[in-house]
Amino acid sequence: MRFLGNIEAKTDTKGRVFLPVAFRKVLTGIGETNIVMRKDVFQKCLVLYPENVWNSQMDSLREKLNRWDKNEQTLFRQFVSQAEIITLDASGRFLIPKKYMQMASIDQTVKFIGMGDTIEIWAAENEEEQFMDTEEFGKALEELLG
């Protein structure tokens, strides 16, 4: 499963948006009908997880945290409480709840960015936050892989 691409879309007045066809095909191919939405931990965007990826992430986090440690339990609670199951309608649309639109500063135009096993949703206006400039990107890859 690989979500790839950078696709722009518009929300309607109710906050509904079409999940791009390329991403719907990936979900259909793996037999997923539900996706989980959560605000990104680090950046001002939303993340869509196929349900099996979300469950794997939750299991991995739960295994690393002690239920009997107050801070670790609070960490887990905060992680899961900011998530919501999203179901696509027959047309491939879903609703971005208002609180999530506010969290990500989404007005009307969004960008879906395929991130391998997840999909990010960005406010199109926040494009400068999404990527490094070309020179910085090249240097980072050179340091990491060179």
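This text goes with the structure placed above it.
Read on for an overview of the structure. Each chain carries its own residue numbering, running from 1 in the written order of its sequence. At least 70 in pLDDT is required for a residue's local features to be given in this predicted model, at least 80 for side-chain atom pairs to be given and counted, and no such filter applies to totals for whole chains, interfaces and linings, which use all residues. Where side-chain values are given, they derive from all heavy atoms of the structure, hydrogens and water being excluded.

1. Section: the sheet that holds strand E4 (residues 46-50)
In step 1: The sheet built from six strands is open, its strands ordered E1-E7-E8-E4-E3-E5 with antiparallel pairing. In this open sheet, the two edge strands, each paired with only one partner strand, are strand E1 (6-10) and strand E5 (83-87). Each strand of the sheet is rotated relative to its neighbour by a mean of 30 degrees, with strand direction disregarded.
In step 2: Here, a strand pair is defined by DSSP locating no fewer than two bridges between the strands. In this text, helices come from DSSP runs of H or I with a minimum length of four residues, and strands from runs of E with a minimum of two, each type numbered from the N-terminal end. Across five bridges, strand E3 (residues 34-39) lies against E5 in antiparallel orientation. Each residue of the ladder has a partner; that of valine 36, found in E5, is isoleucine 85. Fitting a line to C-alpha atoms yields each axis, with helices limited to the stretch in contact; the angle taken between N-to-C directions then spans 0 to 180 degrees.

2. Brief notes about the layout of surface pockets
In step 1: A pocket, in this scheme, is an open set of points on a 1 Å grid over the protein atoms alone with protein on both sides within 12 Å along at least 5 of 7 lines, while a cavity is a set where a 1.4 Å probe fits but cannot get out; residues line either one if an atom lies within 4 Å of a point. Grid points are joined across faces, edges and corners, and a volume is the space filled by probe spheres set on the points. Here the largest pocket is characterised by a volume of approximately 200 Å³.
In step 2: If you go around the largest pocket, the residues you meet are Gln43, Ile113, Met115, Glu120, Trp122, Gln130, Phe131, Met132 and Phe137.
In step 3: Gly counts as polar in this scheme, as do all residues outside two lists: the nonpolar Ala, Val, Leu, Ile, Met, Phe, Trp, Tyr, Cys and Pro, and the charged Asp, Glu, Lys and Arg. Taken together, the residues of the lining of the largest pocket break down into six nonpolar, two polar and one charged.

3. Comments concerning the packing of aromatic side chains
For any pair of aromatic rings, geometry is given as the distance between the ring centres together with the angle between the planes.
In step 1: When the centres of two rings from Phe, Tyr and Trp lie within 6.5 Å, Trp using its six-membered ring, the rings pair. Their planes under 30 degrees apart give stacked, over 60 give edge-to-face, and anything left gives tilted. Tallying each qualifying case throughout the model produces four aromatic pairs.
In step 2: Residues tryptophan 54 and phenylalanine 79 carry aromatic rings whose centres are separated by 5.2 Å and whose planes lie at 10 degrees to one another, so their mutual orientation is stacked. Residue tryptophan 54 is located in helix H2 (residues 51-64), and its partner phenylalanine 79 is located in helix H3 (residues 70-81); the two are separated by 25 residues in the primary sequence.
In step 3: Phenylalanine 79 gets classed as buried once you look at its relative accessible area, which sits at 14%.
In step 4: Put simply, the rings of Tyr49, Trp54 and Phe79 pair up and form one aromatic cluster.
In step 5: One residue, arginine 62, lies across the ring of phenylalanine 76, its end atom 3.9 Å from the ring centre. Partly exposed residues are those whose accessible area sits between 20% and 50% of the maximum for their type, while under 20% is buried and over 50% is exposed, using a 1.4 Å probe and protein chains only. Cation placement over rings: the criterion is NZ of Lys or CZ of Arg within 6 Å of the ring centroid and within 35° of the ring normal.

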